[in-house]
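Next come the chains, spelled out residue by residue.
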Amino acid sequence: MASLIMGCGVSIKPLEQPPKLVTAPEYIRIKFDRITNQPVLNLISTAEMDDRAERLLEQALLNYKTMGFQHITAPSDRRLVRLKHIFDRVHNYSHLKDSPIKVVLIENPIFQAYTFGGGAVVFYTGLTEELDDDQLAAVIGHEIAHIAANHIAEETSRSLVNTETGYWRPHLTGFYALNAEMEADQIGLVYATLAGYAPDASVTFWAEQSDHQGHDMLNPFADSHPTYQDRAKYLQENADKLSRLPRNISEEKRQELMLCNPIYCKQ
Ligand SMILES: [Zn+2]
């Protein structure tokens, strides 16, 4: 297993220019999260987020090309076929099932996947080739969850407010990032489980990381990501809740559970 483990890594670069506020009324209106129905601060429209993410992805692909990391696009490439197959299954049981999401696979030995918050997720072969199908489904669910839960837009919104008060904090860091990681883990677990993948796959994975790494002294993301041990613990608790669901669930029931289940519910 690679020594550098992010599991997801919402990898966000600072923007040269903060995104525009949508409108004045949007600025002061609290929205309600589409997954949890909790009030959230989100000043950025979906269209603007998608546009911004598209530009960042284009830049990232140019950078990969410059650095000699291949963008794998051949439809017959077995690595891409496998990734897309699992991605499509998990995506179909997410809040974004009707929104297209690009799957970008980069030939790179680093263990990482990330999203810019719009309609794309980037995976490195160092991650996809390391994980079995159930574990990869959990990572895919996690990344889709970051987009579905508007984590990047919400953090950017906080940064905008901070800018107004003279404190610019462009990265996903600290307490908010920790909560966002845990939320994405749990939402992603639901997506992957409803798609038919083993709910305890991510538990096993993070427990192994904890054993291998001896943990957080070596975790460069310890300030903004849950510890491996914590991650395994709360994922186990949530996997237990999901494993009590009946095995044979109808398609209609699966879609209902995507909206309301033992981990979160929006009625
Ligand atoms: Zn994440």
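Throughout what follows, the structure given in this document is the object of discussion. (Residues numbered from 1 in each chain as written. Predicted model: local features only at pLDDT ≥ 70, side-chain atom pairs only at ≥ 80, totals over all residues.)

### Points about the overall build of the protein chain
Looking only at helices and strands, one finds 10 helices and 6 strands in the protein chain. The 267 residues of the protein chain split such that 37% are buried. Considering only residue pairs separated by 6 or more positions, the protein chain has 69% of its internal contacts joining residues 24 or more positions apart. (Helix = DSSP H or I, 4+ residues; strand = E, 2+ residues; numbered from the N terminus. Buried ≥ 20, exposed ≤ 12 C-beta atoms within 10 Å, placed from the backbone. Contact = placed C-beta atoms within 7 Å.)

### Examining the sheet that holds strand β4 (residues 102-106)
The sheet built from 4 strands is open, its strands ordered β3-β4-β6-β5 with mixed pairing. Among the strands making up the open sheet, the edge pair consists of β3 (71-72) and β5 (113-115). Across 2 bridges, the pairing between β3 and β4 is antiparallel. Considered in β4, the bridge of His 71 is made with Ile 106. Each of β3, β4 and β6 (120-124) is contacted by helix α2 (residues 46-67), which is oriented at about 25 degrees to β6, the strand it contacts most. Contacts from helix α5 (residues 133-148) reach β5 and β6, with the element oriented near 15 degrees to β5. (Pairing = 2+ DSSP bridges. Axes fitted to C-alpha atoms, helices over the stretch in contact; angles between N-to-C directions.)

### Some points on the pairing of β6
For β6, a buried count of 5 out of 5 residues is recorded, marking the element as mostly surrounded by other parts of the structure. With 3 bridges connecting them, β5 and β6 associate as antiparallel partners. Pairing of Tyr 114 across the sheet is with Val 122, part of β6. Counted along the chain from β5 to the antiparallel partner β6, the turn is 4 residues long, and its residue Gly 117 has a positive phi close to 100 degrees.

### Here's the deal with the packing of helix α3 (residues 78-91) against α5
With their axes 9 Å apart at the nearest point, α3 and α5 run at an angle of 55 degrees to one another. One way to sum up the angle between α3 and α5 is to call them oblique. The two elements α3 and α5 cross, and the hand of that crossing is right-handed. Mapping the contact onto sequence places Ile 86, Phe 87, Val 90 and His 91 in α3 and Asp 133, Leu 136, Ala 137, Ile 140, Gly 141 and Ile 144 in α5. Across the contact of α3 with α5, the residue classes break down as 7 nonpolar, 2 polar and 1 charged. (Parallel < 35°, antiparallel > 145°, perpendicular 65-115°, else oblique. Left-handed = near helix turned anticlockwise from the far one by under 90°. Nonpolar A, V, L, I, M, F, W, Y, C, P; charged D, E, K, R; others polar.)

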